[in-house]
Amino acid sequence: MNSAVEAIVGFFSGKLSKEVIVFIISMIPILELRGSLLAAGFLKMDFFSTYILAVIGNMLPIPFILFFIDKIFVWMKKTRFKNAVVRMENRALSKSGQIRKYGKFGLFLFVAIPLPGTGAWTGALVATLLRMKFKDSIFPIFFGVMTAGLVMSLISFGIIKQII
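As the structure is a prediction and not an experimental result, all values here were calculated from the model. (Residues numbered from 1 in each chain as written. Predicted model: local features only at pLDDT ≥ 70, side-chain atom pairs only at ≥ 80, totals over all residues. Heavy atoms only, no water.)

Draft legend 1. Focus on the nonpolar core. Counting residues in hydrophobic clusters, the biggest one holds 28 residues, and the most contacted among them are Leu33, Ile62, Leu66, Ile141 and Val145. Among the elements of the structure, helix H3 (32-42), helix H4 (47-59), helix H5 (62-76), helix H6 (82-94), helix H8 (104-112), helix H9 (120-129) and helix H10 (134-156) are those that each provide at least two residues to this core. In terms of residue count, the dominant contributor to this core is H5 (six residues). Core analysis: the next-biggest nonpolar cluster, separate from the first, contains eleven residues, Val5, Val9, Leu43 and Met45 among them. (Core = buried A, V, L, I, M, F, W, Y, C linked by side-chain atoms within 4.5 Å. Buried < 20%, exposed > 50% of the residue type's maximum accessible area, 1.4 Å probe, protein only. Helix = DSSP H or I, 4+ residues; strand = E, 2+ residues; numbered from the N terminus.)

As C-alpha coordinates, this is what we get:
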(Lines give C-alpha, C1' and ligand atoms only; values in the text may rest on other atoms or scores of the structure.)
Protein backbone atom coordinates (compact mmCIF):
# COMPACT_ATOMS: atom_id res chain seq x y z
CA MET A 1 0.00 0.00 0.00
CA ASN A 2 2.86 2.39 0.82
CA SER A 3 4.28 2.27 -2.70
CA ALA A 4 0.87 2.80 -4.33
CA VAL A 5 0.15 5.78 -2.09
CA GLU A 6 3.64 7.22 -2.68
CA ALA A 7 3.16 6.83 -6.44
CA ILE A 8 -0.20 8.62 -6.36
CA VAL A 9 1.15 11.40 -4.15
CA GLY A 10 4.16 11.78 -6.45
CA PHE A 11 1.98 11.89 -9.56
CA PHE A 12 -0.41 14.53 -8.19
CA SER A 13 2.07 16.64 -6.18
CA GLY A 14 2.42 20.06 -7.70
CA LYS A 15 -0.72 19.49 -9.81
CA LEU A 16 -3.32 19.29 -7.05
CA SER A 17 -3.50 20.61 -3.52
CA LYS A 18 -2.60 18.32 -0.64
CA GLU A 19 -6.22 18.30 0.45
CA VAL A 20 -7.49 17.16 -2.96
CA ILE A 21 -4.85 14.40 -3.10
CA VAL A 22 -5.96 13.06 0.31
CA PHE A 23 -9.62 13.31 -0.72
CA ILE A 24 -9.04 11.41 -3.98
CA ILE A 25 -7.03 8.65 -2.32
CA SER A 26 -9.73 8.19 0.32
CA MET A 27 -12.20 7.29 -2.45
CA ILE A 28 -10.00 4.65 -4.12
CA PRO A 29 -10.97 1.04 -3.34
CA ILE A 30 -8.41 -0.87 -1.26
CA LEU A 31 -6.49 2.33 -0.35
CA GLU A 32 -9.49 4.17 1.06
CA LEU A 33 -9.15 5.87 4.42
CA ARG A 34 -5.91 4.14 5.45
CA GLY A 35 -4.17 5.17 2.24
CA SER A 36 -5.35 8.76 2.48
CA LEU A 37 -4.03 9.09 6.03
CA LEU A 38 -0.73 7.62 4.92
CA ALA A 39 -0.64 10.19 2.11
CA ALA A 40 -1.31 12.95 4.61
CA GLY A 41 1.79 11.86 6.48
CA PHE A 42 3.86 12.08 3.29
CA LEU A 43 2.33 15.51 2.60
CA LYS A 44 2.94 16.80 6.16
CA MET A 45 -0.71 17.69 6.75
CA ASP A 46 -2.36 18.38 10.08
CA PHE A 47 -4.54 15.88 11.94
CA PHE A 48 -7.97 17.53 11.97
CA SER A 49 -8.34 18.60 8.33
CA THR A 50 -6.92 15.28 7.14
CA TYR A 51 -9.35 13.30 9.27
CA ILE A 52 -12.36 15.26 7.98
CA LEU A 53 -11.26 14.97 4.33
CA ALA A 54 -10.49 11.27 4.65
CA VAL A 55 -13.85 10.43 6.26
CA ILE A 56 -15.88 12.47 3.77
CA GLY A 57 -13.94 11.13 0.80
CA ASN A 58 -14.20 7.54 2.00
CA MET A 59 -17.96 7.87 2.55
CA LEU A 60 -18.75 9.62 -0.73
CA PRO A 61 -18.95 6.44 -2.88
CA ILE A 62 -20.74 4.34 -0.25
CA PRO A 63 -24.37 5.34 -0.97
CA PHE A 64 -23.75 4.62 -4.66
CA ILE A 65 -22.35 1.19 -3.80
CA LEU A 66 -25.27 0.42 -1.53
CA PHE A 67 -27.83 1.48 -4.14
CA PHE A 68 -26.25 0.37 -7.40
CA ILE A 69 -23.58 -2.34 -7.02
CA ASP A 70 -26.06 -5.20 -7.26
CA LYS A 71 -27.45 -3.80 -10.52
CA ILE A 72 -23.94 -3.22 -11.86
CA PHE A 73 -22.94 -6.77 -10.92
CA VAL A 74 -26.03 -8.23 -12.66
CA TRP A 75 -25.06 -6.34 -15.82
CA MET A 76 -21.38 -7.27 -15.53
CA LYS A 77 -22.25 -10.96 -15.16
CA LYS A 78 -23.59 -10.77 -18.71
CA THR A 79 -20.20 -9.63 -19.98
CA ARG A 80 -16.72 -11.10 -20.05
CA PHE A 81 -16.25 -9.79 -16.48
CA LYS A 82 -18.57 -12.44 -15.02
CA ASN A 83 -15.74 -14.41 -13.38
CA ALA A 84 -14.25 -11.28 -11.80
CA VAL A 85 -17.63 -10.32 -10.35
CA VAL A 86 -18.20 -13.81 -8.97
CA ARG A 87 -14.74 -13.73 -7.36
CA MET A 88 -15.45 -10.32 -5.78
CA GLU A 89 -18.79 -11.53 -4.46
CA ASN A 90 -17.29 -14.72 -3.06
CA ARG A 91 -14.40 -12.85 -1.46
CA ALA A 92 -16.75 -10.32 0.13
CA LEU A 93 -19.10 -13.03 1.37
CA SER A 94 -16.17 -14.97 2.84
CA LYS A 95 -15.62 -11.97 5.13
CA SER A 96 -19.28 -11.65 6.11
CA GLY A 97 -19.32 -13.93 9.17
CA GLN A 98 -19.37 -11.26 11.87
CA ILE A 99 -21.86 -9.19 9.88
CA ARG A 100 -24.20 -12.19 9.53
CA LYS A 101 -23.82 -12.96 13.22
CA TYR A 102 -24.04 -9.45 14.71
CA GLY A 103 -25.93 -7.48 12.03
CA LYS A 104 -25.46 -3.72 12.17
CA PHE A 105 -22.95 -3.93 15.02
CA GLY A 106 -20.96 -6.53 13.09
CA LEU A 107 -20.93 -4.23 10.06
CA PHE A 108 -19.70 -1.37 12.24
CA LEU A 109 -16.88 -3.53 13.64
CA PHE A 110 -15.97 -4.81 10.18
CA VAL A 111 -15.46 -1.26 8.92
CA ALA A 112 -14.07 0.19 12.18
CA ILE A 113 -11.22 -2.26 12.70
CA PRO A 114 -8.59 -1.17 10.17
CA LEU A 115 -7.29 -4.50 8.90
CA PRO A 116 -6.46 -5.52 5.33
CA GLY A 117 -9.59 -6.53 3.46
CA THR A 118 -11.93 -4.51 5.64
CA GLY A 119 -13.24 -1.00 5.13
CA ALA A 120 -16.16 0.96 3.80
CA TRP A 121 -16.11 -0.40 0.24
CA THR A 122 -16.03 -4.06 1.29
CA GLY A 123 -18.49 -3.40 4.11
CA ALA A 124 -20.93 -1.78 1.67
CA LEU A 125 -20.51 -4.67 -0.77
CA VAL A 126 -21.13 -7.26 1.95
CA ALA A 127 -24.16 -5.31 3.25
CA THR A 128 -25.58 -5.24 -0.28
CA LEU A 129 -24.92 -8.95 -0.86
CA LEU A 130 -26.58 -9.76 2.47
CA ARG A 131 -29.55 -7.62 1.39
CA MET A 132 -29.26 -5.25 4.35
CA LYS A 133 -31.47 -2.17 4.05
CA PHE A 134 -29.79 1.13 3.22
CA LYS A 135 -30.78 2.68 6.56
CA ASP A 136 -29.42 -0.37 8.41
CA SER A 137 -26.05 -0.21 6.67
CA ILE A 138 -25.19 3.45 6.00
CA PHE A 139 -24.90 4.48 9.66
CA PRO A 140 -22.80 1.50 10.84
CA ILE A 141 -20.51 2.08 7.85
CA PHE A 142 -20.28 5.82 8.59
CA PHE A 143 -19.49 5.32 12.28
CA GLY A 144 -17.08 2.54 11.35
CA VAL A 145 -15.25 4.89 8.97
CA MET A 146 -15.10 7.56 11.66
CA THR A 147 -13.70 5.06 14.17
CA ALA A 148 -11.16 3.59 11.74
CA GLY A 149 -10.15 7.12 10.79
CA LEU A 150 -9.56 8.02 14.40
CA VAL A 151 -7.53 4.85 15.07
CA MET A 152 -5.44 5.30 11.92
CA SER A 153 -4.97 9.02 12.57
CA LEU A 154 -3.73 8.33 16.09
CA ILE A 155 -1.22 5.88 14.64
CA SER A 156 -0.30 7.88 11.51
CA PHE A 157 0.21 11.15 13.29
CA GLY A 158 2.16 9.59 16.13
CA ILE A 159 -0.32 10.73 18.74
CA ILE A 160 -0.22 7.32 20.43
CA LYS A 161 3.58 7.59 20.69
CA GLN A 162 3.24 11.03 22.28
CA ILE A 163 0.74 9.73 24.87
CA ILE A 164 2.84 6.69 25.79
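Draft legend 2. The side chain of Asn58, seen in detail. Looking at where Asn58 falls in the secondary structure, it is placed in helix H4. Aside from chain neighbours lying at most four places away, what touches Asn58 is Ser26, Glu32, Leu33, Ala120, Trp121 and Val145. (Contact = heavy atoms within 4.5 Å.)

Draft legend 3. How the structure looks around H4. Taking 1.5 Å of rise per residue, 13 residues should cover 18 Å, and H4 covers 18 Å from first to last C-alpha, within 8% of that figure. All of the buried residues along H4 are Thr50, Tyr51, Ala54, Val55, Gly57, Asn58 and Met59. Buried residues in H4 make contact with helix H2 (18-27), H3, H5, H9 and H10. Between the side-chain oxygen of the N-cap and the backbone nitrogen of Phe48 there are 3.4 Å, and the N-cap of H4 in question is Asp46. (Expected span 1.5 Å × (residues − 1). Polar contact = N/O pair within 3.5 Å; in protein donor to acceptor, adjacent residues only side chain to side chain.)

Draft legend 4. Structural detail: helix H1 (residues 2-12). Every buried residue belonging to H1 is among Val5, Ile8 and Val9, and all of these are buried. Along H1, the residues classed as buried sweep out an arc of 100 degrees about the axis, all on the same side. Residues Ser3, Gly10 and Phe11 are exposed on H1 and point more than 90 degrees away from its buried face. Contacts from the buried residues of H1 go to H2 and H3. Of the residues flanking the end of H1, it is Gly14, one or two places downstream, whose phi is positive at about 85 degrees. (Arc of directions from axis to C-beta.)

Draft legend 5. The environment of Gly119, seen in detail. In this fold, Gly119 is placed in the loop between H8 and H9. Residue classification places Gly119 among the buried positions, given a relative accessible area of 6%. Put simply, Gly119 and Ala148 are 29 residues apart on the chain and 8.3 Å apart in space, counted from C-alpha to C-alpha.

Draft legend 6. Molecular detail of a nonpolar patch on the surface. Nonpolar side chains collect at one region of the surface, where Phe64, Phe67, Phe68, Ile72, Trp75 and Phe134 lie side by side and expose about 630 Å² of accessible area between them. Here the element with the most residues in the nonpolar patch is H5; it accounts for five residues. Mapped onto the fold, Phe64 is located in helix H5. (Patch = residues over 30% accessible without salt bridge, like charges linked within 9 Å, V, L, I, M, F, W, Y side chains within 5 Å. Areas by Shrake-Rupley, 256 points an atom, 1.4 Å probe, with all protein chains shown as cover. Salt bridge = Lys/Arg side-chain N within 4 Å of Asp/Glu carboxyl O.)

Draft legend 7. How the structure looks around the pattern of salt bridges. What the rule picks out here adds up to four salt bridges. Residue Lys71 pairs with Asp70 through a salt bridge whose shortest N-O separation is 3.8 Å. The partner of Asp136 in a salt bridge is Lys104, with the nearest N and O atoms 3.7 Å apart. Here Asp136, found in helix H10, pairs with Lys104, found in helix H8; they are 32 residues apart in sequence, far enough to count as distant. What makes Lys104 partly exposed here is its relative accessible area of 45%.

Draft legend 8. Spatial organisation of the packing of H3 against H10. Where H3 contacts H10, the axes come no closer than 10 Å and their chain directions differ by 30 degrees. The orientation of H3 relative to H10 falls into the category roughly parallel. In terms of crossing hand, the pair formed by H3 and H10 is right-handed. Two secondary-structure elements touch here, H3 through Leu33, Arg34 and Leu37 and H10 through Val145, Ala148, Gly149, Met152, Ser153 and Ser156. The class makeup of the residues in the contact of H3 with H10 is five nonpolar, three polar and one charged. (Axes fitted to C-alpha atoms, helices over the stretch in contact; angles between N-to-C directions. Parallel < 35°, antiparallel > 145°, perpendicular 65-115°, else oblique. Left-handed = near helix turned anticlockwise from the far one by under 90°. Nonpolar A, V, L, I, M, F, W, Y, C, P; charged D, E, K, R; others polar.)

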